[in-house]
Each structure stands twice: as structure tokens, then as C-alpha cells.
Amino acid sequence: MSALRETITANPGLWLAVGGLVLGLAFGFIVQHTNFCTMGAISDIRAFGDWRRFRAWVLAAATTLIGAQALENAGVVQLSQSMYLAPRLNWLGHAAGGVMFGFGMVFAGGCASRNLARIGAGDLRSLLALMVMGLFAYMTIGGLIGPIRAALEQATAFDLSGIVGAKLATQSLGEIAGTLGRLGTPAGNLIVTMLIGGGALIFCFADVSFRGSPAYVIAGLGLGLVAVAGWALTGLAVDELADKPVAPISLTFVRPTADTLEWLQRFTAAMMPAFGVATVLGAILGAFLAALMKGTFRLQTFAGIGDTKRNLLGAALMGVGGVMALGCTVGQAITGVSTLALGSFITFAAIVAGALVGLKALERMLEAEI
């Protein structure tokens with residue numbers, strides 16, 4: 001493993017760009033080929049009582065969780081270096097941002113990852129929606145909305161050490177459990193991973209209809225393994241002696257979509273795309289290939305003014321909410337959850353809650369237009 005790490009750190013930019021493109025391609029292909037959609041999963045439950053796509057989402061999260069923790073135990077990646085495990089819990093950002101993102105993805109016809117797949121399949125609505133999402137994401141990071149976001153975070157975020165009664169290095173549920181039980185962080189991580197990961201697997205495979213749906217099983221396992229590979233690649237690329245060390249990360253699509261827009265405009269300044277940008281480009285390409293194979297590629301656009309307004313509003317909410325919550329249905333509910341970060345679980349629940357509210361609002365809006 002040390003030889004592989006040395007090879008990657010010798011030229012991390014190239015490895016992250018090529019690896020990100022390959023992983024993004026695999027992700028986009030699986031999403032398009034299996035019709036994986038987190039917004040559709042929540043809609044299926046509400047409309048038909050069908051939990052299969054939601055179980056595929058949970059399976060992806062569980063697979064990534066187990067894989068990421070195994071990688072950390074093997075010394076491949078240090079999850080504590082990731083952005084998710086900051087010791088201060090930005091509870092308002094995770095909760096409010098998650099609700100905004102969940103509500104917005106309903107109006108935009110899907111989350112960021114689903115819209116990337118739809119672009120690959122020829123949907124021009126998704127192209128415009130993601131451009132707007134990227135714009136609002138940058139506005140929330142350091143633009144017009146940035147000072148408001150930063151002030152709210154500063155006023156509401158708090159150190160978990162005050163609750164646990166001991167100094168915590170991270171907000172990991174494993175570390176919290178290990179501290180409270182006086183077992184140590186490694187044992188705490190193992191116990192929590194077994195409880196959450198094992199419980200999630202039981203939740204998924206105990207259902208006969210899910211086990212009898214190969215596409216959803218493949219989607220959950222496949223997307224989870226792609227996310228695990230992302231942790232492995234970026235973990236091996238970390239060079240603490242570099243002038244600007246890059247923190248490990250895996251799949252996430254709100255900030256990287258915004259970064260892709262900037263990269264397209266500043267290509268001559270930095271020709272090698274970063275890992276996140278490469279995954280975005282790869283996801284579009286992978287979905288395009290899947291759509292061609294299935295014969296489903298076709299250009300589509302907005303049905304009317306109402307459809308346009310709803311998509312743009314949803315995209316804006318996803319951009320703001322995704323930054324506040326530090327991720328999306330993939331970036332937090334799959335990648336973030338795999339670090340056992342408390343904020344990621346809050347975001348996951350908030351996204352689901354926001355989507356349920358959004359579905360009710362969309363139904364009322366569509367009924368009023370009839």
C-alpha cells in the first residue's frame with residue numbers, strides 16, 4: 001500500500017483528475033441505468049408505499065460506511081481529516097440547509113446527482129438548473145449570501161465537548177460513543193459501524209420486494225462501492241508535506257458543480273480538473289453512455305413558464321441549502337454518513353423532511369394550475 005501511496009502522491013493532480021473522471025463515469029452510468037433517484041425514492045414512499053428505491057439509497061450509505069471505516073482501519077484514509085468531522089456542530093446549517101435542499105430537489109425534479117444524469121440523457125432543464133444551483137452555491141460560500149451564512153453558523157454552532165463532558169477531536173458518533181463508554185475511539189467506531197451498518201443492511205435485505213429487484217440492489221451496492229473508491233483514492237493522495245495539503249473526500253455534487261462552472265471559465269489557468277470537477281464531468285459522460293445504450297437519449301426542455309419557475313426556484317434552494325448543510329443526498333447522506341459525522345445524519349433526516357414538505361407543496365401548486 002505504501003508503494004501505491006508513493007506513486008499517487010508523486011503526481012496527485014493527475015491521479016485525482018483521472019480517478020475522479022472514472023469514478024464519476026461509473027456513478028453516472030449506474031444512476032442512469034438503474035433509475036436511481038433519491039427524490040424519486042421519497043416520492044415512491046409517499047405515493048405508492050414503495051420503499052425499494054429508498055432502500056437502495058440506504059444500502060449505498062451502508063456500503064460506503066462499512067467500506068470507509070475499513071479503509072481507515074487499514075490506514076488508507078484518515079476520515080478525521082475530512083470536512084465532515086469538525087469538532088463544532090453546525091446544527092442549524094445541517095437542519096435548515098438539509099430542509100432547503102430537500103424542498104428544492106422536489107421542485108428541480110431531482111437532486112444534484114440526478115440532474116447530472118439527466119443532463120447526460122439530454123435534459124436541458126437540468127443543465128440550466130445546475131448552472132443556477134452552482135451560482136447560488138458560490139453566492140452562499142463567499143458571495144452575496146456568504147456573510148449571512150457565516151453569521152448564522154458563528155451564532156449557532158457549538159462544541160460537543162460541553163455535552164459529552166470530555167474533549168472531542170471530532171463530531172464522530174464513534175468517538176462520542178467511545179468517550180462516553182470509556183472504550184476509546186477505535187472501539188467506538190467499530191461498535192457504531194456495526195450497529196448502524198448492520199441495521200441498515202437488515203432494513204434493506206429483510207424486504208422481499210427489494211431482494212427481488214436486482215436493479216435497486218445493484219444501484220445501492222454499486223454506488224456505495226464507487227464512493228468507497230473515492231475515499232481510497234483521495235486518502236492515498238493526501239500528502240501532509242505538500243505546500244497545500246488536500247483533505248480526503250469522496251462523492252459530493254453541490255460545490256463541485258459550482259467548481260466545474262468556474263473551471264470551464266478558467267481552463268487556461270488550471271487545465272487539470274480537481275477531483276470534484278472530474279467526478280461531475282464523469283457523471284455526465286457516464287449517464288450519456290447509459291442513455292445511448294438504453295436508447296433513451298433525447299433532448300427535453302421546459303413544459304412552460306410554471307415548470308421553468310419551479311425548476312429555477314428548486315435549483316436556487318439546492319445551491320444555498322447544499323452549502324449550508326455541507327452536502328447533498330450523496331455528499332452528506334452517503335459520503336458524509338460514512339464518516340459517522342453527527343451533522344451528516346442530521347442532514348440526511350432534514351433532506352427527507354424537506355422533500356416530504358416539498359412534495360405536498362408541489363401537489364398543491366399543480367392542482368391550482370389545473
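Model, not experiment: these values are computed from the prediction. (Residues numbered from 1 in each chain as written. Predicted model: local features only at pLDDT ≥ 70, side-chain atom pairs only at ≥ 80, totals over all residues. Heavy atoms only, no water.)

Caption draft 1: Up close: the overall build of the chain. Within the chain, the regular secondary structure consists of 18 helices and two strands. The C-alpha atoms of the chain give 20 Å as radius of gyration, which agrees with the globular expectation for 370 residues (21 Å, within 12%). In terms of its C-alpha atoms, the chain occupies a principal-axis envelope of roughly 60 × 50 × 45 Å. Within the chain, the proportion of its 370 residues that are buried is 53%. When contacts within the chain are restricted to residue pairs at least 6 apart in sequence, long-range pairs at least 24 apart make up 79% of them. In the form shown here, the chain has an accessible surface area of approximately 16000 Å², with 69% of it arising from carbon and sulfur atoms. (Helix = DSSP H or I, 4+ residues; strand = E, 2+ residues; numbered from the N terminus. Rg over C-alpha atoms; globule rule 2.2 N^0.38 Å. Buried < 20%, exposed > 50% of the residue type's maximum accessible area, 1.4 Å probe, protein only. Contact = heavy atoms within 4.5 Å. Areas by Shrake-Rupley, 256 points an atom, 1.4 Å probe, with all protein chains shown as cover.)

Caption draft 2: Broad picture of helix H15 (residues 275–294). Over its 20 residues, H15 runs 28 Å from end to end, which matches the ideal 28 Å to within 8%, given 1.5 Å per residue. All of the buried residues in H15 are Phe275, Gly276, Val277, Ala278, Thr279, Val280, Gly282, Ala283, Gly286, Ala287, Ala290 and Ala291. (Expected span 1.5 Å × (residues − 1).)

Caption draft 3: Summary view of the layout of surface pockets. As a volume, the largest pocket reaches approximately 1000 Å³. Every residue lining the largest pocket is counted, 41 residues in all, and those nearest its centre are Val246, Ile249, Asp259, Ala274 and Gly276. Broken down by element, the lining of the largest pocket gets its largest block of residues, six residues, from helix H14 (residues 254–265). Residues belonging to the lining of the largest pocket are distributed by class as follows: 25 nonpolar, 10 polar and six charged. In this structure, the second largest pocket spans a volume of roughly 370 Å³. (1 Å grid on protein atoms, 1.4 Å probe; cavity = no way out; pocket = protein on both sides within 12 Å on 5 of 7 lines; lining within 4 Å. Points joined across faces, edges and corners; volume = space filled by probe spheres on them. Nonpolar A, V, L, I, M, F, W, Y, C, P; charged D, E, K, R; others polar.)

Caption draft 4: A look at a nonpolar patch on the surface. Together, Leu124, Leu127, Leu128, Met131, Leu285, Phe288, Leu289, Leu292, Phe297 and Leu299 make up a nonpolar patch on the protein surface, roughly 840 Å² of accessible area in all. Elements with a contribution of two residues or more to the nonpolar patch: helix H7 (124–141) and H15. (Patch = residues over 30% accessible without salt bridge, like charges linked within 9 Å, V, L, I, M, F, W, Y side chains within 5 Å. Salt bridge = Lys/Arg side-chain N within 4 Å of Asp/Glu carboxyl O.)

Caption draft 5: Structural view of the nonpolar core. In terms of nonpolar packing, the biggest core is built from 83 residues, with Phe27, Trp57, Phe101, Met105 and Phe253 touching the most fellow members. Non-local contacts of methionine 105, meaning those with residues more than four positions away in its chain, are made with Thr38, Met39, Ile42, Gly110, Cys111, Met318, Thr329, Ile351 and Ala355. (Core = buried A, V, L, I, M, F, W, Y, C linked by side-chain atoms within 4.5 Å.)

Caption draft 6: Quick peek at the packing of aromatic side chains. If you walk through the whole model with that rule in mind, you get 11 aromatic pairs. Ring centres of phenylalanine 54 and phenylalanine 203 lie 6.4 Å apart, and the angle between their planes is 90°; on these two criteria the pair is classed as edge-to-face. With a gap of 149 residues between them, phenylalanine 54 in helix H4 (residues 52–73) and phenylalanine 203 in helix H11 (residues 185–205) connect regions that are remote in the sequence. Among the aromatic residues, ring-to-ring pairing joins Trp51, Phe54, Trp57, Phe203 and Phe348 into one connected group. A cation over a ring is seen here: arginine 55 above phenylalanine 203, with NZ or CZ 4.4 Å from the ring centre. (Phe/Tyr/Trp six-rings, centres within 6.5 Å; stacked < 30°, edge-to-face > 60°. Lys NZ or Arg CZ within 6 Å of the ring centre and 35° of its normal.)

Caption draft 7: How the structure looks around the environment of alanine 200. Here alanine 200 shows up in helix H11. Between the C-alpha atoms of alanine 200 and alanine 62, which are 138 residues apart in sequence, the distance is 6.1 Å.

Caption draft 8: Summary view of the side chain of glutamine 332. Among the secondary structure elements, glutamine 332 is positioned in helix H17 (residues 331–336). At 2.5 Å, the side chain of glutamine 332 forms a polar contact with the side chain of serine 344. Non-local contacts of glutamine 332, meaning those with residues more than four positions away in its chain, are made with Tyr84, His94, Ala325, Leu326, Gly327, Val337, Ser344 and Thr347. (Polar contact = N/O pair within 3.5 Å; in protein donor to acceptor, adjacent residues only side chain to side chain.)

Caption draft 9: Summary view of the side chain of serine 82. Considering the arrangement of structural elements, one finds serine 82 in the loop between H4 and strand S1 (88–89). Assessed through its relative accessible area of 6%, serine 82 is described here as buried. Within polar-contact distance, the side chain of serine 82 engages the backbone oxygen of leucine 79 at 2.8 Å. Those residues in contact with serine 82, other than ones at most four positions away along the chain, are Trp231, Pro248 and Thr339.

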